[in-house]
Amino acid sequence: APEPEDTAIHVSTAIDLLNAIAPGAEIVIEPGTYNLTEALRDAPDYISEYVYSTFNDGFQADIMDVNGLVIRGSKEGKVELVAEPRYCDVLCFKNCSDITLENITLGHTIEPGHCEGSVIELDDCQNITLNDLDLYGCGTYGVAANVVSVLDLNNCTIHDCTYGIIDLIECSDVAMKDCTLRDNRGYDMLSMNNAFITCEGCSYD
């Protein structure tokens, strides 16, 4: 039988990654470290109709109004997405649905203890799947979700975050399975406001 056609978009620079984000896209990131802050410094505020660059104490990419997006790291080697600014999230999704992120390391480049941004921020989203991610500080939380329904974390590692592991506000159907949660410190490790989470097979250090 013929090999199935590879319809994924393969990217090897941070700006190519941001430009490839669109509804229905499957993006494969080649091995390497991708500094999103650096890419955004040289980019216009309006990257595409789905990605905007916002400025706090540095640049942050806001991904908006996207559904059916898959972003995965190549299996050939480590893929790392980093942000420099303390007050920015590494990735921020707003009003998105059916999003899958997998096999990626994400975090901030500066030393722990000085961050105000989370690693992954989700606002008004649904059906979010996070598989095989390594989320590290100095981000405040590994995942901050605000008005999100159906959020699955599978085999993720969340470590060295300064406020805690996960922050949920007005969220439903949130599940963590086979996740490793270690060396996080600060406030409530699982911060929940009108939200509920189920954990299965997770380890805490």
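In this text the structure is predicted, and so the values were computed from the model without any measurement. (Residues numbered from 1 in each chain as written. Predicted model: local features only at pLDDT ≥ 70, side-chain atom pairs only at ≥ 80, totals over all residues. Heavy atoms only, no water.)

Section: the pairing of strand β10 (residues 105-108)
Thinking step 1. By the alternation rule, side chains of β10 split into Thr105 and Gly107 and Leu106 and His108, which are all buried.
Thinking step 2. With 4 bridges connecting them, strand β7 (residues 79-83) and β10 associate as parallel partners. Bridge assignment links Ala83 to a residue of β10, and that residue is His108.
Thinking step 3. Relative to strand β12 (residues 134-136), β10 runs parallel, the two sharing 3 bridges. In the sheet register, Leu106 faces β12, and the bridge partner there is Leu135. (Buried < 20%, exposed > 50% of the residue type's maximum accessible area, 1.4 Å probe, protein only. Helix = DSSP H or I, 4+ residues; strand = E, 2+ residues; numbered from the N terminus. Pairing = 2+ DSSP bridges.)

Notes on the side chain of Asn131
Thinking step 1. Of note, Asn131 is situated in strand β11 (residues 120-131).
Thinking step 2. A distance of 2.9 Å separates polar atoms of two side chains, one belonging to Asn131 and the other to Asn154.
Thinking step 3. Non-local contacts of Asn131, meaning those with residues more than four positions away in its chain, are made with Thr100, Leu101, Glu102, Asn103, Asn154 and Cys156. (Polar contact = N/O pair within 3.5 Å; in protein donor to acceptor, adjacent residues only side chain to side chain. Contact = heavy atoms within 4.5 Å.)

Quick word on the nonpolar core
Thinking step 1. Residues Leu81, Phe93, Leu106, Leu122, Leu130, Leu151 and Leu153 are the most contacted members of the largest nonpolar core, which totals 59 residues.
Thinking step 2. Excluding its chain neighbours within four sequence positions, the residues that come into contact with Phe93 are Ile63, Leu69, Ile99, Leu101, Glu121, Leu122, Asp123 and Cys125. (Core = buried A, V, L, I, M, F, W, Y, C linked by side-chain atoms within 4.5 Å.)

A word on the sheet that holds β10
Thinking step 1. Strand order in this open sheet of 7 strands is β3-β7-β10-β12-β14-β17-β20, and the pairing throughout is parallel. At either end of the open sheet lies a strand with only one pairing partner, and these are β3 (32-35) and β20 (203-204).
Thinking step 2. Relative to β20, strand β17 (residues 180-182) runs parallel, the two sharing 2 bridges. When the bridges of β20 are listed, Thr180 appears paired with Ser203.

Here's the deal with the confidence of the model for the protein chain
Regions with low pLDDT carry predicted coordinates that are not meant to be interpreted in detail.
Thinking step 1. On average, residues of the protein chain score 87 in pLDDT, and 87% of them reach the 70 mark or higher.
Thinking step 2. Averaged pLDDT values over the elements of the protein chain bottom out at 79 in strand β18 (residues 190-193) and peak at 98 in strand β9 (residues 97-102). (pLDDT = per-residue confidence, 0-100.)

Some details on the state of the cysteines
Thinking step 1. Throughout the structure, instances matching the rule amount to 0 disulfides.
Thinking step 2. Distance from the sulfur of Cys96, which forms no disulfide, to the nearest cysteine sulfur (Cys125) is 4.9 Å.
Thinking step 3. Left unpaired, Cys202 is separated from the closest cysteine sulfur, that of Cys179, by 4.6 Å.
Thinking step 4. The buried category is assigned to Cys202, whose relative accessible area is 18%. (Disulfide = S-S within 2.5 Å.)

Side note on the pattern of salt bridges
Thinking step 1. For the structure on display, the rule yields 5 salt bridges.
Thinking step 2. Between Glu84 and Arg41 there is a salt bridge whose closest N-O contact spans 2.5 Å. With Glu84 in the loop between β7 and β8 (91-94) and Arg41 in helix α2 (residues 36-41), the pair connects residues that are 43 residues apart, well separated along the chain.
Thinking step 3. Here Glu84 falls in the partly exposed class, since its relative accessible area comes to 25%.
Thinking step 4. A relative accessible area of 43% places Arg41 in the partly exposed class.
Thinking step 5. A salt bridge links Asp62 to Lys94, with the shortest nitrogen-to-oxygen separation between them at 3.4 Å. (Salt bridge = Lys/Arg side-chain N within 4 Å of Asp/Glu carboxyl O.)

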